[in-house]
Amino acid sequence: MSIKKIFETMEYGPAPESTKAAFDWLNTHNNKFGYYCNGKWETPSTKTYFPTINPSNQEVLAEIAHAGEKDVNKAVKAAKKALPQWGKLGAHGRARYLYALARKIQKHARLFAVLESLDNGKPIRESRDIDIPLVARHFYHHAGWAQLMDTDLKEYKEVGVIGQIIPWNFPLLMLAWKIAPALAMGNTVVLKPAESTSLTALLFAEICDQIGLPAGVVNIVTGEGDTGAAIVNHPDIDKIAFTGSTEVGRIIRKATAGSGKKLSLELGGKSPFIVFEDADLDSVVEGIVDAIWFNQGQVCCAGSRLLVQESIAEKLYAKIKARMAKLRIGDPLDKCIDMGAVVDGTQLKTITKLVQQGIEEGSKVYQVKDTCPKDGFYYPPTLLTNVQPASTVAQVEIFGPVLVAMSFRTHKEAVKLANNTKYGLAASIWTDNINLALDVAPKIKAGVVWVNCTNVFDAAAGFGGYRESGFGREGGKEGLYEYMDLKVKDTFSDVPFERPRTKELESLTLDNLPKIDKTAKMYIGGKQTRPDGGYSIQVFNPNGVYIGDVSEGNRKDIRNAVEAASKANSWASKTGHARAQVLYFLAENMEYRKQEIATRIAQSISVSMEAAEEEVNLSIERIYYYAAMADKYDGQVHHTTSRNITMAMPEAIGTMAVICPNEAPLLGFVSTIMPVLAMGNNVVVVPSETAPLLATDFYQLLETSDVPAGTVNIVTGNQAELASVLAKHDNVDGIWYFGNQEVSKMIELASADNMKRTWVANGKYRNWYTVEHGQGEVFLRQASQIKNIWVPYGA
């Protein structure tokens, strides 16, 4: 067809990308790859290889090594050996290597892009213009953080050897998201790419060689699921970073429980794409193309649930269908196509099956017929309407080019529909009313919210989710914390800290003490309540002297406490300033009763009155600290490269459970619940099991200090039993425990069911009487989560 004819008809004309350089590179390896370990290419101990296939035509590109447990051991050993020298290199030295990686990636950008599209099936326009530039951006950005570690992050140190497992939908970008911050903070890495898309990771290994990266700092171990399991279970791995399905994330959470490994999980999503009636519908349609048909919908944060205001629903559906008719599906190496192939036949079958299930459940399907090539793994862009909120297609992550649509009438209903999911990764809001957008955005349970845009990413802004979308962040300063530990952790003890005991108060009887309510009940929903089981527990001090009785809480008491906390919403809606005033008032009321409380401490843990008074004073100071921080633990406006104001806002986790340390019964109680309250959470507290009366006295302070009912709920009893119930409860969003290794492991195992956030001690004990151990920003960070809200600006 002549150029003149093309201009006359405006018919589609292909613009193929050359694959010569990519195939030449494959040929230099004879289309067969070992794994990369300690700066060398190694033959797998299994002697087995598997094919990696071009999903657009099902042709074999190369054979990839299937690394076994012996190979993983070898890679971890190399990473562990390289760790000290990589750390000694210093901040500037690591920054230079990261900068060199960024430059080298840019120099080979086209090769990376073509190889990615060949191996993954995504359009070359996306890999060339989005993925690879973002890869280089991540290494540049984290080169900067590496340089600043010794000054801006000097209280932190590296975690150690990091095991990283990445998915097939963004093979090289996920590698960059994980390797760049890990290296910047002084860690070494063993990374497993997805078995179906390993080629760009292997090319990256060559880049590491070319810049002279020290041997063992980066190790690329290819393989299938058993290779990943060997990494997860390896005792010398200090942290696991995983991106993939929620099902596999849950397995990893259970496998690492009790090991002390740090863990970050970026899992599935079913992200809402919310359209209000005042939105520019033509812009919305293009946003939908980017939200669900970008990368064939194989995006964890894909805007797969279209929630549209009822008054404009049919008009929008018509526009979407018209746009779908113009989408081009074809060879990913054609620069003119909009959608390529899905990654493999298994994924194609999954998408097909779920769409059919949606039809069987009453959804109406719209697809443009005969748009897909016959060779390869292609699925057409799909719109499902007449979808019910409880439908399978509205709840299950399809991970394909399938948009499910539902309507709403009011703004409140839109928020409820958006949050009607077990996931919480991302959301997109479309409206011309910025006030409406910024009113709705904080109410959506998602780690990222885009306003009038979608699928915008940058190395300077964190990305990650809530609930069954996982925990932890990647990118931005918030992502760095996943690859650092506080240096003070090295001073934690293997045994609980105890103050010197005395018997000076044991000659006193209870009647000689200040008048304290001796019928210690639990505190649930702002009321003193009796235990459901009707049992009480006798309390003795360390010298065996009887102190009194407390209620023995059970599963029903925990359910009541969680329900009360979940229903209470006034505390979270208060400003930081308002919360601060209440906490100050709480400290003021404690000051009035200082002598009485000190006497209770002295009697409960057999310490001198001087030591007891010190604990009360420290508790008051600690309340003051968190009151002060309630309106000062601020977010940031990230300097992203796109024209967006990107606001990183700390927000409450929700309903939290705190199992307090047994030692320091008042100070440990205050030190753990105050940061939780300062950040706007409601809390269910299980106080010290050995000295619980300080907590039951504390609710009298709560009642006189304007703390709303349901904000703090106190259930006394056996910590291990109550912790188990809390860890399994689906309406508990986060749980802290400061005790032994056995219960820590149990909590992490049980919490995998709904992927709640955990912070456990694993048998490492703090000295709560010191600021270094018992107070600080780390408590506030663990009591909150960052939501990034992207708002575009400019004409």
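Note: the structure precedes this text.
Analysis parameters
- Residues numbered from 1 in each chain as written.
- Predicted model: local features only at pLDDT ≥ 70, side-chain atom pairs only at ≥ 80, totals over all residues.
- Heavy atoms only, no water.
- Pairing = 2+ DSSP bridges.
- Helix = DSSP H or I, 4+ residues; strand = E, 2+ residues; numbered from the N terminus.
- Core = buried A, V, L, I, M, F, W, Y, C linked by side-chain atoms within 4.5 Å.
- Buried < 20%, exposed > 50% of the residue type's maximum accessible area, 1.4 Å probe, protein only.
- Contact = heavy atoms within 4.5 Å.
- Expected span 1.5 Å × (residues − 1).
- Axes fitted to C-alpha atoms, helices over the stretch in contact; angles between N-to-C directions.
- Patch = residues over 30% accessible without salt bridge, like charges linked within 9 Å, V, L, I, M, F, W, Y side chains within 5 Å.
- Areas by Shrake-Rupley, 256 points an atom, 1.4 Å probe, with all protein chains shown as cover.
- Salt bridge = Lys/Arg side-chain N within 4 Å of Asp/Glu carboxyl O.

Colleague: Please explain the pairing of strand β5 (residues 59–65) as it appears in this structure.
Modeller: Residues in a regular strand project their side chains so that they alternate between the two faces of the sheet. Bridge count for strand β1 (residues 32–33) against β5 is two bridges, and the pairing is parallel. Bridged to Lys32 within β5 is Glu63. As defined by bridge partners, strand β4 (residues 49–54) adjoins β5 across six bridges and the pair is classed as antiparallel. Within the sheet, the bridge partner assigned to Phe50 lies in β5 and is Ile64.

Colleague: What exactly am I supposed to notice about the nonpolar core here?
Modeller: Soluble, globular proteins show a tendency: their nonpolar side chains are buried together. Phe139, Ile179, Phe204, Ile220, Val275, Leu306 and Ile320 are the most contacted members of the largest nonpolar core, which has 120 residues in total. When residues in this core are grouped by element, the largest group, eleven residues, is from helix α7 (residues 171–184). Other than its neighbours up to four places away in sequence, Ile320 contacts Val285, Ile288, Trp293, Leu306, Leu383 and Leu403. Of all hydrophobic cores here, the second largest spans 62 residues; its members include Phe698, Val712, Val778 and Phe779.

Colleague: How do you make sense of helix α5 (residues 109–120) when you look at a structure like this?
Modeller: What sets the pattern is the α-helix's 3.6 residues per turn: residues three or four places apart point alike. For α5, built from twelve residues, the straight-helix expectation of 16 Å at 1.5 Å per residue is met to within 8% by its first-to-last C-alpha distance of 16 Å. The element α5 is largely enclosed, with a buried count of ten among its twelve residues. All of the buried residues along α5 are Leu111, Phe112, Ala113, Val114, Leu115, Glu116, Ser117, Leu118, Asp119 and Asn120. After α5 finishes, the residue Gly121 shows a positive phi value of roughly 95 degrees.

Colleague: What's the story with the sheet that holds β5 in this structure? I'm lost.
Modeller: Strand pairing in a sheet is mediated by backbone hydrogen bonds. Such pairs are either parallel or antiparallel. As summarised here, the arrangement of the three strands in space is β1-β5-β4, forming an open sheet in which the pairing is mixed. Each end of this open sheet is capped by a strand with a single partner; those strands are β1 and β4. Relative to the sheet, α5 contacts β4 and β5, its axis offset from that of β4 by approximately 100 degrees.

Colleague: Before we go on, may I ask you to explain the environment of Ile429 in this structure?
Modeller: Mapping Ile429 onto the fold places it in strand β17 (residues 426–430). We classify Ile429 as buried; its relative accessible area is 0%. Measuring from C-alpha to C-alpha, the distance between Ile429 and Met755 comes to 26 Å, with 326 residues separating the pair along the chain. The residues touching Ile429, leaving out its near neighbours within four places in the chain, are Ile274, Phe276, Ala437, Val440, Ala441, Val449, Trp450, Val451 and Asn452.

Colleague: For this particular structure, what's the right way to read a nonpolar patch on the surface?
Modeller: Among the surface-exposed residues, Val637, Ile645 and Tyr793 lie close enough to one another that they form a single nonpolar patch of about 280 Å² accessible area. The class for Ile645 is partly exposed, based on a relative accessible area of 39%.

Colleague: Sorry if this is basic, but what is going on with the pattern of salt bridges here?
Modeller: Any two side chains of opposite charge can pair if their charged atoms end up close together. Taken as a whole and assessed by the stated rule, the structure comprises 31 salt bridges. Between Lys157 and Asp490 there is a salt bridge whose closest N-O contact spans 3.8 Å. Of this pair, Lys157 sits in strand β6 (residues 156–158) while Asp490 is found in the loop between β20 (484–486) and β21 (519–520), placing the two residues 333 residues apart along the sequence. Judged by relative accessible area, which is 57%, Asp490 ranks as exposed. Among the ionic pairs, Asp494 bridges to Lys764, the shortest N-O distance being 2.5 Å. One end of the pair, Asp494, is in the loop between β20 and β21; the other, Lys764, is in the loop between β32 (757–760) and α27 (771–774), and 270 residues separate them in sequence. Relative accessible area serves as the criterion here: at 55%, Asp494 is assigned to the exposed category.

Remember, this is a structural readout, not a statement about activity or role.
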